[in-house]
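Breakdown of the fold
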Amino acid sequence: MNISTSSIAIAAIAVTAVALVSIYAVSTRQGSDKFAACRASTVAGGPGTIGGPFTLTDENGKRVTEKDVLNQPSIVYFGYTFCPDICPADTARNAEATDALEEMGYMLQPVFISVDPGRDKPEVLKEWTDYIHPRMLGLTGSAEEIAAVAKEYKTYFRVPDDTSDPYYIVDHMTQTYLMLPDEGFVEFYDREMDPEAMAASIACFLEADAKSN
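All values derive from a computational prediction rather than experimental measurement.

The rules behind each value
Residues numbered from 1 in each chain as written. Predicted model: local features only at pLDDT ≥ 70, side-chain atom pairs only at ≥ 80, totals over all residues. Heavy atoms only, no water. 1 Å grid on protein atoms, 1.4 Å probe; cavity = no way out; pocket = protein on both sides within 12 Å on 5 of 7 lines; lining within 4 Å. Points joined across faces, edges and corners; volume = space filled by probe spheres on them. Axes fitted to C-alpha atoms, helices over the stretch in contact; angles between N-to-C directions. Helix = DSSP H or I, 4+ residues; strand = E, 2+ residues; numbered from the N terminus. Parallel < 35°, antiparallel > 145°, perpendicular 65-115°, else oblique. Left-handed = near helix turned anticlockwise from the far one by under 90°. Contact = heavy atoms within 4.5 Å. Nonpolar A, V, L, I, M, F, W, Y, C, P; charged D, E, K, R; others polar. Buried < 20%, exposed > 50% of the residue type's maximum accessible area, 1.4 Å probe, protein only. Pairing = 2+ DSSP bridges. Salt bridge = Lys/Arg side-chain N within 4 Å of Asp/Glu carboxyl O. pLDDT = per-residue confidence, 0-100. Disulfide = S-S within 2.5 Å.

Side note on the layout of surface pockets
Size it by volume and the largest pocket reaches roughly 220 Å³. Along the wall of the largest pocket there are 17 residues; nearest its centre are L70, M179, L180, G184 and F185.

Concerning the packing of helix α3 (residues 86–103) against helix α6 (residues 195–212)
Between α3 and α6, the least distance of the axes is 8 Å, while the angle of their chain directions is 50 degrees. Between α3 and α6, the interaxial angle falls into the category oblique. For the pair α3 and α6, the sense of crossing is right-handed. Contacts between α3 and α6 involve R93, N94, E96, A97, A100 and L101 from the former and P195, M198, A199, I202 and A203 from the latter. Along the lines of polarity and charge, the residues of the contact of α3 with α6 split into eight nonpolar, one polar and two charged.

Describing unusual backbone geometry
A positive phi angle, close to 50 degrees, is found at K154, a residue other than glycine. With respect to the secondary-structure elements, K154 resides in the loop between α5 (143–152) and β6 (157–158). On the accessibility criterion, K154 (49% relative accessible area) is partly exposed.

Quick look at the sheet that holds strand β8 (residues 176–180)
Ordered in space as β2-β1-β5-β4-β3-β8-β9, the seven strands form an open sheet in which the pairing is mixed. Of all strands in the sheet, those bounded by a partner on one side alone are β2 (63–65) and β9 (184–189). Across this sheet, the average inter-strand angle for adjacent strands is 35 degrees, counted without regard to direction. Pairing of strand β1 (residues 55–58) with β2, which is carried by three bridges, proceeds in the antiparallel orientation. Bridging from a neighbouring strand, T55 pairs with T65 of β2.

Remarks on the pairing of β9
Two elements, β8 and β9, share five bridges in a ladder whose sense is antiparallel. Across the sheet, residue M179 finds its bridge partner in β9, namely F185. Hairpin connection, β8 to β9: the antiparallel pair is bridged by three residues, and D182 has positive phi, about 70 degrees.

Some points on the pattern of salt bridges
A full pass over the atoms with the stated rule returns ten salt bridges. Two residues, R191 and D90, come together in a salt bridge whose shortest N-O distance is 3.0 Å. Taken together, the positions of R191 in the loop between β9 and α6 and D90 in helix α3 put the pair 101 residues apart, joining distant regions of the chain. For R191, a relative accessible area of 33% puts it in the partly exposed group.

Overview of the confidence of the model for the protein
Per-residue pLDDT for the protein has a mean of 87; in total, 85% of the residues score no lower than 70. Residue range residues 1–30 is modelled with pLDDT below 50. Its contacts to residues more than four positions away, or to other chains, number two contacts.

Digging into the state of the cysteines
All told, the structure shown has one disulfide when counted by the stated rule. The residue that forms a disulfide with C38 is C204, at a sulfur-sulfur distance of 2.1 Å. The chirality of the disulfide connecting C38 with C204 is left-handed, given an S-S dihedral of about -80 degrees. Taken together, the residues C38 in the loop between α1 (5–32) and β1 and C204 in helix α6 connect sequence positions 166 residues apart.

Below you can see the structure in the form of structure tokens.
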């Protein structure tokens, strides 16, 4: 089969056009995202699909909303105080990152939302979070309230049907969410990230946010 020179030229122009459109689309997305240089994760549907309004009870027994809690740069973690290993390790990492950021001149609010409201009453949360970090705020609520906020954050947990054993285990996801005032969710961190890398990433977001205001 013979292919004319003109056909080849037309095909080449078409490929170049597609490539230029793709480059333009990527550049446009990056240009409209002030955090593009900081992002390391991708969220289906975009960052705006994570997070939302909630009403919970804090560790002091006070009813609070997301506007009361997330009114400053915050990291949000879903776990429970009876967790034997993962939650203590993850929240200790979050506490170290919080301290590292403070040394860099940034204040961060660590937030711990319990997925075990049956055992995690406010006084239990307060003792536990105060031990992890003095600024860590514990939140709990009814089973329905916890399920609702978990849905907003697209996270998973499952309390066993039989909770007669006082040492029952709650299955749950372990990501930590970075939330910024007026922006909402901007990034999440898995448990493999060390506190220094986490602090550096958060600092990037805070610097980009400050430059845009």
